[in-house]
Amino acid sequence: MSTTTTLQENRELIHKTRWSLLLGALCTSAALAQSPDVKIHSDVSLALANQVLDATLQACHADQHTAVAAVVDRGGNLVALQRDDNIGPHNTQAAQRKAFTALSTKTPTRQLAESARNNPESQNLATVSDLLLLGGGVPLRSNGEVIGAVGVAGAGGSATDEGCALKGIHKVLPQDQ
């Protein structure tokens, strides 16, 4: 009889322990979710990146231009890239660097290039190797927060590259740009 009682007591103890662990895990998860040390933020998904790229290249095509376009996430990582046929290979890297520059500075790259040309305090930006001071990079915003950027190259100049990017962004994220 003592063996049966011991087995039953062990089962009850295991059952109580499981519930205690589960309850503890739930409480810990809730506490972490509410902790000011945990950051929760929006980011560019692959689906959003492809929507922006599709709309951007459609805008270029509507104006009889071909290009390459890249989207980076809030960390500067390449999420997606689309390249039309017959675009020079240097434009692929340029599009990605324009996107990175727009994200990093939270500024359209054409505006940044103008500032570097006209403002002595901004001229040193041209010496930062990861930045590309050519128009065509535009930050992506959601609820006022920069969540990534798009870069366009090869469409026929900085203003055209930027125009394609802006039209594509406005089609996908019209309220935030």
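These numbers were taken from a predicted model, which means no experiment stands behind them.

Calculation rules
- Residues numbered from 1 in each chain as written.
- Predicted model: local features only at pLDDT ≥ 70, side-chain atom pairs only at ≥ 80, totals over all residues.
- Heavy atoms only, no water.
- Axes fitted to C-alpha atoms, helices over the stretch in contact; angles between N-to-C directions.
- Helix = DSSP H or I, 4+ residues; strand = E, 2+ residues; numbered from the N terminus.
- Parallel < 35°, antiparallel > 145°, perpendicular 65-115°, else oblique.
- Left-handed = near helix turned anticlockwise from the far one by under 90°.
- Contact = heavy atoms within 4.5 Å.
- Nonpolar A, V, L, I, M, F, W, Y, C, P; charged D, E, K, R; others polar.
- Buried < 20%, exposed > 50% of the residue type's maximum accessible area, 1.4 Å probe, protein only.
- Polar contact = N/O pair within 3.5 Å; in protein donor to acceptor, adjacent residues only side chain to side chain.
- Expected span 1.5 Å × (residues − 1).
- Disulfide = S-S within 2.5 Å.
- Pairing = 2+ DSSP bridges.
- Salt bridge = Lys/Arg side-chain N within 4 Å of Asp/Glu carboxyl O.
- Core = buried A, V, L, I, M, F, W, Y, C linked by side-chain atoms within 4.5 Å.

Caption draft 1: Local environment of the packing of helix 2 (residues 46-62) against helix 5 (residues 158-172). At a closest axis distance of 7 Å, the pairing of helix 2 and helix 5 adopts a crossing angle of 130°. As summarised for this structure, helix 2 and helix 5 are arranged oblique, according to the angle between their axes. Handedness of the helix 2/helix 5 crossing: right-handed. Touching Leu 48, Gln 51, Val 52, Ala 55, Thr 56, Gln 58, Ala 59 and Cys 60 of helix 2 are Cys 164, Ala 165, Lys 167, Gly 168, Ile 169, Lys 171 and Val 172, all from helix 5. Grouping the constituent residues of the contact of helix 2 with helix 5 by class yields nine nonpolar, four polar and two charged.

Caption draft 2: Seen up close, the side chain of Lys 98. Relative to the assigned elements, Lys 98 resides in helix 3 (residues 89-105). By relative accessible area, which is 3% here, Lys 98 ends up buried. Among the polar contacts listed, one links the side chain of Lys 98 to the side chain of Asp 161, at a separation of 2.9 Å.

Caption draft 3: Helix 2, seen in detail. Taking 1.5 Å per residue, 17 residues should reach 24 Å; helix 2 reaches 24 Å between its end C-alpha atoms and fits that length. When we look at burial in helix 2, the residues that qualify are Leu 48, Ala 49, Val 52, Leu 53, Ala 55, Thr 56, Leu 57, Ala 59 and Cys 60. The inward-facing, buried residues of helix 2 contact strand 1 (68-73), strand 2 (78-83), strand 3 (137-142), strand 4 (145-153) and helix 5. Two residues or fewer after helix 2 comes Gln 64, characterised by a positive phi angle close to 65°.

Caption draft 4: Seen up close, the state of the cysteines. Using the criterion set out here, one finds one disulfide in the structure. Disulfide pairing places Cys 60 opposite Cys 164 at an S-S distance of 2.1 Å. Handedness of the Cys 60-Cys 164 disulfide follows from its S-S torsion of about 135°: it is right-handed. Taken together, the residues Cys 60 in helix 2 and Cys 164 in helix 5 connect sequence positions 104 residues apart.

Caption draft 5: Just the environment of Val 172, in detail. Note that Val 172 resides in helix 5. Filtering out sequence-adjacent residues up to four positions away, Val 172 remains in contact with Leu 48, Gln 51, Val 52 and Ala 55.

Caption draft 6: Quick peek at the pairing of strand 4. Among the nine residues of strand 4, eight are classified as buried, and the element is accordingly described as predominantly covered. In terms of strand pairing, strand 3 meets strand 4 through six bridges, oriented antiparallel. Within strand 4, the position partnered with Pro 139 by the bridge is Ala 149. Counting the residues in the hairpin turn of strand 3 and strand 4 gives two residues, including Asn 143, whose phi is positive at 55°.

Caption draft 7: Region of the structure containing the pattern of salt bridges. Applying the stated rule across the entire model yields four salt bridges. With a closest N to O distance of 2.9 Å, Glu 145 and Arg 74 form a salt bridge. One end of the pair, Glu 145, is in strand 4; the other, Arg 74, is in the loop between strand 1 and strand 2, and 71 residues separate them in sequence. For Arg 74, a relative accessible area of 28% gives the class partly exposed. For Asp 161, the salt bridge is made with Lys 98, and the minimal N-O distance between the two is 2.9 Å. Of this pair, Asp 161 sits in helix 5 while Lys 98 sits in helix 3, and the two are 63 residues apart along the sequence.

Caption draft 8: Examining the nonpolar core more closely. Judged by nonpolar contacts, the single largest core of 21 residues is most densely connected at Val 44, Val 52, Val 71, Leu 140, Val 150, Val 152 and Ile 169. When residues of this core are traced back to their parent elements, those giving at least two are helix 2, strand 1, strand 3, strand 4 and helix 5. Considering every element that reaches this core, the biggest residue donor is helix 2, with six residues. Counting residues in each nonpolar core, the second largest holds seven residues, with Ala 94, Ala 95, Leu 132 and Ala 153 among its members.

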